[in-house]
Structures are given as structure tokens and as C-alpha cells.
Amino acid sequence: MSSTNGQVIRCKAAVAWEAGKPMVIEEVEVAPPQKMEVRIKILFTSLCHTDVYFWEAKGQNPVFPRILGHEAGGVVESVGEGVTDLQPGDHVLPVFTGECKECAHCKSEESNMCDLLRINTDRGVMLHDQKSRFSINGKPVFHFVGTSTFSEYTVVHVGCLAKINPLAPLDKVCVLSCGISTGLGATLNVAKPKKGSSVAVFGLGAVGLAAAEGARIAGASRIIGVDLNANRFELAKKFGVTEFVNPKDYKKPVQEVIAELTNGGVDRSVECTGHIDAMISAFECVHDGWGVAVLVGVPHKEAVFKTSPLNVLNERTLKGTFFGNYKPRSDIPSVVEKYMNKELELEKFITHEVSFSEINKAFDLMLKGEGLRCIIRMDA
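If you look the chain up in an unreviewed UniProt entry, it shows as alcohol dehydrogenase from Helianthus annuus. In its Cofactor (unreviewed entry) section, UniProt records this for the chain: "Zn(2+)".

Encoded structure:
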């Protein structure tokens with residue numbers, strides 16, 4: 001048992017006090033884990049665009065003060081009542097969605113959309129008692145998607161923790177707890193391209209490049225990257241992208257351009273931007289008879305998808321995916337093993353590193369569109 005077991009821990013956390021304002025490193029109190037909860041020491045965290053989106057709070061309910069962060073790696077410090085499959089010292093990746101292992105979704109081989117622990121961006125408290133485990137001077141500081149990894153210690157529901165190989169370097173595999181797994185799984189688990197096939201990836205940010213990496217691993221012979229930013233094309237070659245299409249370079253719709261390049265359309269497409277026009281293009285650019293398009297990007301809630309029903313009747317398939325169809329507890333440990341056996345390359349996704357005290361610099365880099373993933377070292 002650790003000396004802090006059952007005790008309140010005082011530690012540093014980056015607190016977002018209000019929308020769009022720089023985060024402040026504060027001393028927070030982190031309560032012990034309650035029933036089915038685990039308190040973990042975060043060693044490395046990384047910044048994902050979702051953190052920036054909810055920090056800006058332009059399109060959703062502002063929940064402040066809040067501790068953001070959801071891509072991370074850490075070590076279990078203590079466990080609450082009822083937790084049997086984790087113990088202090090275990091290496092874990094916290095995940096923004098969960099796997100209770102009891103609901104219909106968790107028992108289904110096809111779904112990862114757990115009824116109990118599915119992502120809830122508005123909830124700032126723990127499920128057990130609807131209270132926060134974080135406080136400053138007795139006043140609550142809210143959680144974010146059940147993870148809140150921008151803190152030296154955090155409390156997470158056991159169903160949102162993937163227990164991983166303790167030999168895996170946490171400063172690399174932490175990026176698997178959100179964006180990279182989302183793109184990778186969209187290709188490997190949902191699009192499922194065959195060896196020698198063609199794949200179009202719309203949007204060459206971190207998630208799109210992870211989708212391209214999935215196509216590379218699957219043995220696709222043509223991986224077409226589609227992006228409005230030509231500066232992304234050179235980097236994308238490292239992820240297996242073989243050719244590039246910038247829609248701005250053509251007068252006709254990009255789906256027509258791709259169909260011409262591929263003798264009728266690509267075998268698979270993966271859409272990672274969330275823009276409705278790109279979603280429609282991604283669907284309409286797949287080959288009739290067998291083409292499959294997978295939507296990954298999250299659209300504006302008012303967006304409407306419009307296409308001719310004939311595109312479906314002509315045997316094109318449209319699919320959606322959430323977190324790459326990975327179940328956090330059951331599947332993410334095996335994705336870590338893909339990295340450990342050198343099948344999956346993660347280093348190329350990590351373009352920057354900052355100390356915890358420089359966390360606002362990571363936000364600046366993302367807002368400028370520089371790099372892919374910035375690792376934040378908690379001990380520095």
C-alpha cells in the first residue's frame with residue numbers, strides 16, 4: 001500500500017478558469033478514489049484538438065473551472081472499493097470513453113459505445129456520487145471527459161483505464177489514448193482495406209495520418225491524401241501516403257478528381273475533418289460495387305449529409321466510427337503491442353515536447369497548426 005492510500009493528495013494541475021484564457025498551474029487537492037474508481041499518477045500527457053475545442057468553449061456548454069486533458073499515460077497510485085483488475089503500480093492509459101463490460105454495447109462484438117461510460121463532455125463530476133475529486137481551498141474544480149490528465153494526479157473510473165505492458169514507454173504510447181487510435185482503428189477495424197487496395201484519407205492532421213498509417217499497415221498500394229493545406233503533403237509521405245490531392249487545385253468536385261485518378265473510385269475512404277462537404281466527397285469517391293467510406297470527423301450539429309440514394313443503391317457503403325471501434329480495456333493493450341513489436345510507428349506523430357509548466361506553449365503550437373502531437377512531461 002502506498003503511503004498516500006486513502007489520503008487527499010496535494011499536487012500541481014493546470015486549471016482552466018475560463019474559456020480561452022491561459023491555464024494556470026495551481027495546487028489542487030485530489031480526493032481518494034471512491035467505488036469503482038482509480039487514482040493515478042500522470043507521467044506524460046499530450047494535447048489533442050478536443051482539449052482546445054472545449055477550452056475555447058465556443059460551441060458547447062462552458063464548464064469552468066476545469067482540468068482538461070485526456071491523452072495520457074500513468075501509473076496506478078491507489079484503487080477504490082470494488083476495483084479488482086488493477087492494483088498500485090500498474091501502467092495505464094486513461095481513455096475518454098469506457099467499457100463497463102456489463103451493458104449491451106460492451107457485450108456486443110460490434111460496438112464500443114458503452115452505455116455507462118460513453119463520452120459525456122458536459123459532465124464535470126464522477127458517476128459514483130456526482131461530485132468532483134478535485135478542489136482548491138474546498139471549492140470544486142470540474143473534471144473533463146472523465147480523465148482530466150493535466151494534473152499530476154487524477155481520479156478515473158476503472159472502466160476508462162486500459163492496463164498496458166509496463167515495458168511500453170509512456171511518453172510514446174500515451175498518444176494512443178485518443179487521436180491515434182481513432183484514426184488507426186477507423187482504417188483497420190472499420191474500413192478494412194485489402195492488401196493492394198486504394199484508400200483516400202480526407203484531412204491530414206494527426207487523426208488522418210493515423211488513418212493513413214492504418215492503410216500502410218494493411219498493405220494498401222495507393223494511399224491518396226486529401227487536404228486544403230499543401231504544407232501537410234511532405235510530412236504525410238512518412239505515413240505511407242503515396243499521392244496528394246488539394247481540392248483547391250481543381251474546378252470540379254474532388255470526388256470526380258479521385259474517381260478519374262482511380263478508374264472509377266477508391267476501394268476505401270476515411271474522412272477525418274468533420275466538414276460536411278468532405279464527408280460527402282469521401283462517400284461519393286468510393287467505387288461502386290464494393291467501395292466503403294468511413295466517417296471519423298465530428299460535424300457541426302446542424303450539418304446535414306446529402307447524396308443521391310443511387311450512390312447507395314449502386315453498392316457503396318457508408319459507415320461511422322467512434323474511437324476507431326476499439327473497446328478501451330479489451331483492445332487498447334493490443335494496440336500498444338503493435339507499437340512494441342514495431343508494426344506501428346508512433347515517434348513520427350510526436351513533433352514537440354514541453355514541460356508541464358509550459359503547457360500553454362502546447363496550446364499555442366496547436367492553435368498555429370504547428371506539428372502533430374506535443375508531449376507534456378509532468379515531472380519537468
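Peer 1: Which parts of the structure should I look at to understand the nonpolar core?
Peer 2: Grouped burial of nonpolar side chains is what soluble globular proteins tend to show. Counting residues in hydrophobic clusters, the biggest one holds 107 residues, and the most contacted among them are Phe150, Val173, Leu176 and Leu346. Leaving out residues up to four positions away in the same chain, Leu346 has contacts with Lys172, Val173, Val175, Leu176, Ile180 and Tyr339.

Peer 1: Before we go on, may I ask you to explain the pattern of salt bridges in this structure?
Peer 2: Side-chain pairing between opposite charges can occur once the charged atoms of the two side chains come close. Throughout the structure, instances matching the rule amount to 21 salt bridges. The salt bridge involving Glu345 is made with Arg216; its shortest N-O contact spans 3.9 Å. Linking Glu345 in the loop between helix H10 (328–340) and strand S16 (350–355) with Arg216 in helix H5 (residues 206–218), this pair joins segments that are 129 residues apart in sequence. Residue classification places Glu345 among the partly exposed residues on the basis of a relative accessible area of 35%. By relative accessible area, which is 29% here, Arg216 ends up partly exposed. Residue Lys338 is joined to Glu343 by a salt bridge in which the shortest nitrogen-to-oxygen separation is 3.5 Å. We classify Lys338 as partly exposed; its relative accessible area is 22%. In this structure, a network of salt bridges that share partners links the residues Asp171, Lys172, Glu353 and Arg377.

Peer 1: Teacher, can you tell me more about the packing of helix H1 (residues 49–56) against helix H11 (residues 359–367) here?
Peer 2: The packing of two helices is summarised by the inter-axis angle and the distance between the axes. Running from amino to carboxyl end, H1 crosses H11 at an angle of 100°, the nearest separation of the two axes being 10 Å. The orientation of H1 relative to H11 falls into the category roughly perpendicular. Between H1, through His49, Asp51, Val52, Trp55 and Glu56, and H11, the contact on the second element is made entirely by Phe363, Met366 and Leu367. Residues of the contact of H1 with H11, tallied by class, amount to five nonpolar, one polar and two charged.

Here is what the cut-offs are and how they apply
- Residues numbered from 1 in each chain as written.
- Predicted model: local features only at pLDDT ≥ 70, side-chain atom pairs only at ≥ 80, totals over all residues.
- Heavy atoms only, no water.
- UniProt positions renumbered as here; feature names shortened; annotations may be inferred.
- Core = buried A, V, L, I, M, F, W, Y, C linked by side-chain atoms within 4.5 Å.
- Buried < 20%, exposed > 50% of the residue type's maximum accessible area, 1.4 Å probe, protein only.
- Contact = heavy atoms within 4.5 Å.
- Salt bridge = Lys/Arg side-chain N within 4 Å of Asp/Glu carboxyl O.
- Helix = DSSP H or I, 4+ residues; strand = E, 2+ residues; numbered from the N terminus.
- Axes fitted to C-alpha atoms, helices over the stretch in contact; angles between N-to-C directions.
- Parallel < 35°, antiparallel > 145°, perpendicular 65-115°, else oblique.
- Nonpolar A, V, L, I, M, F, W, Y, C, P; charged D, E, K, R; others polar.

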